[in-house]
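Residue-level listing of the chains:
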Amino acid sequence: MTVSSSAPKHIAIVMDGNGRWATRRFLPRVAGHRQGVESLRRCVQACLDRNVGVLTVFAFSSENWDRPAEEVSGLMSLMVSVLAKEVPKLHANGVQLHFVGELSALSEKVRGGLLQAEAATAGNSRLVLNICFNYGGRWDIAQAARKLVAAGEAVTERSLDGAMALAHCADPDLLIRTGGEFRISNFLLWQCAYTEMYFSDKLWPEFDEAALDAAIADYAQRERRFGKTSGQVAGAANTRAASSG
Ligand code: IPE
Ligand code: IPE
Ligand code: MG
């Protein structure tokens, strides 16, 4: 069988399970989110070490506003404090930060912090880190369509693709969801048309380098056909191998 010969260049993650991690320890849910930040820090380092070019993570969905007010405000303050602490380190490590979502709905303080972090790291190129915050896949498709209509442009697959919030990146190769649920929860609906899916039972705070390597190894066994037949894919791989060696 032909396998995907290369490692994933773009990994997307639904970082799920922080609340359950905390509840199992009789801690408030926000303690789980704090631990989730530690897990993200470890994951970013692992992606830097493995030369993954793009990491896109789901940090707060359009629907997460419906959680208890205390949790929502805890998540917002966590974002502000994490940015202050982590951005200098991310910058030193060559990480280019992007915040992807409806940022205008955020408070001035949170939005200002996000925009400042983006500006400070814009010149970096070792790893693009997209943090989806107040993001929804449906929002993204709708905002892209609105942008095109406002500019008087025709709505085509190509023009929509270029107007999406992640237009600066190729589509994800691998989507990982932790926390044991088998659903996409309004994450990258447009961009995941041909993304390989990987579901882990681990709660996000427990997702470590070994778990990431297991996901990458699983991906390496997949045959990505993009609608073609297995024979066509194998033929193209053989041609590539012959011409390169
Ligand atoms: C994911 O963890 C983080 C956010 C949605 C902000 P959850 O908070 O959804 O954790 P569970 O699913 O309740 O365990
Ligand atoms: C998805 O997780 C959103 C993030 C990880 C930020 P949820 O916990 O909100 O998803 P559902 O509600 O279980 O589908
Ligand atoms: Mg959840």
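Everything below is about the structure shown above.
**Notes on the site of ligand 1**
Part 1: Lining the immediate surroundings of ligand 1 are 13 residues, of which Asp16, Gly19, Arg20, Arg29 and Arg67 lie closest.
Part 2: Gly19 has a polar backbone atom sitting 2.9 Å from an oxygen atom of ligand 1.
Part 3: Compared with its free state, where it exposes 370 Å², ligand 1 has 87% of that area covered by protein.
Part 4: Cavity membership is defined here by more than half of the atoms lying within 2 Å of grid points; on that basis ligand 1 lies in the largest pocket.
Part 5: With three residues, helix H1 (residues 18–24) is the single largest residue contributor to the shell around ligand 1.

**Thoughts on the sheet that holds strand E4 (residues 127–135)**
Part 1: An order of E3-E4-E2-E1-E5-E6 is seen for the six strands of this open sheet, with the pairing classed as parallel. Two strands lie at the open edges of the sheet, namely strand E3 (95–100) and strand E6 (196–199), each paired on one side alone. Between one strand axis and the next, the sheet turns through 20° on average, direction left out of account.
Part 2: For strand E1 (residues 10–14) and strand E2 (residues 54–61), the ladder comprises five bridges, and the chain directions are parallel. Within E2, the residue paired with His10 across the bridge is Val54.
Part 3: Along the sheet face, helix H7 (residues 209–220) touches E1, strand E5 (174–177) and E6 and points at about 140° away from the line of E5.

**Points about the pairing of E3**
Part 1: Where burial is concerned, most of E3 is hidden: six out of the six residues are buried.
Part 2: What you see with E3 is no split at all: Val95, Leu97 and Phe99 on one side and Gln96, His98 and Val100 on the other are buried throughout.
Part 3: Pairing of E3 with E4, which is carried by six bridges, proceeds in the parallel orientation. Considered in E4, the bridge of Leu97 is made with Leu129.

**Some thoughts on the nonpolar core**
Part 1: Ile11, Ile13, Val44, Leu55, Phe99, Leu114 and Ile176 are the most contacted members of the largest nonpolar core, which has 42 residues in total.
Part 2: When residues in this core are grouped by element, the largest group, seven residues, is from helix H3 (residues 69–92).
Part 3: When neighbours within four sequence positions are excluded, Val44 is seen to be in contact with Leu55, Leu90, Val95, Leu127 and Leu129.

**Focus on the packing of H3 against helix H4 (residues 108–121)**
Part 1: At a closest axis distance of 10 Å, the pairing of H3 and H4 adopts a crossing angle of 15°. Of the possible angle classes, the one that applies to H3 and H4 is roughly parallel. Considering only the axes of H3 and H4, their crossing is left-handed. Facing H3, whose interface residues are Met76, Met79, Val80, Leu83, Val87 and His91, H4 presents Lys109, Val110, Gly113, Leu114, Ala117, Ala120 and Thr121.
Part 2: Looking at side-chain class alone, the contact of H3 with H4 contains nine nonpolar, three polar and one charged residues.

Conventions used here
Residues numbered from 1 in each chain as written. Chains lettered and ligands numbered in written order. Predicted model: local features only at pLDDT ≥ 70, side-chain atom pairs only at ≥ 80, totals over all residues. Heavy atoms only, no water. Near = heavy atom within 4 Å. Polar contact = N/O pair within 3.5 Å; in protein donor to acceptor, adjacent residues only side chain to side chain. Areas by Shrake-Rupley, 256 points an atom, 1.4 Å probe, with all protein chains shown as cover. 1 Å grid on protein atoms, 1.4 Å probe; cavity = no way out; pocket = protein on both sides within 12 Å on 5 of 7 lines; lining within 4 Å. Sits in = over half its atoms within 2 Å of the grid points. Helix = DSSP H or I, 4+ residues; strand = E, 2+ residues; numbered from the N terminus. Pairing = 2+ DSSP bridges. Axes fitted to C-alpha atoms, helices over the stretch in contact; angles between N-to-C directions. Contact = heavy atoms within 4.5 Å. Buried < 20%, exposed > 50% of the residue type's maximum accessible area, 1.4 Å probe, protein only. Core = buried A, V, L, I, M, F, W, Y, C linked by side-chain atoms within 4.5 Å. Parallel < 35°, antiparallel > 145°, perpendicular 65-115°, else oblique. Left-handed = near helix turned anticlockwise from the far one by under 90°. Nonpolar A, V, L, I, M, F, W, Y, C, P; charged D, E, K, R; others polar.

Coordinates in, geometry out; function isn't part of it.
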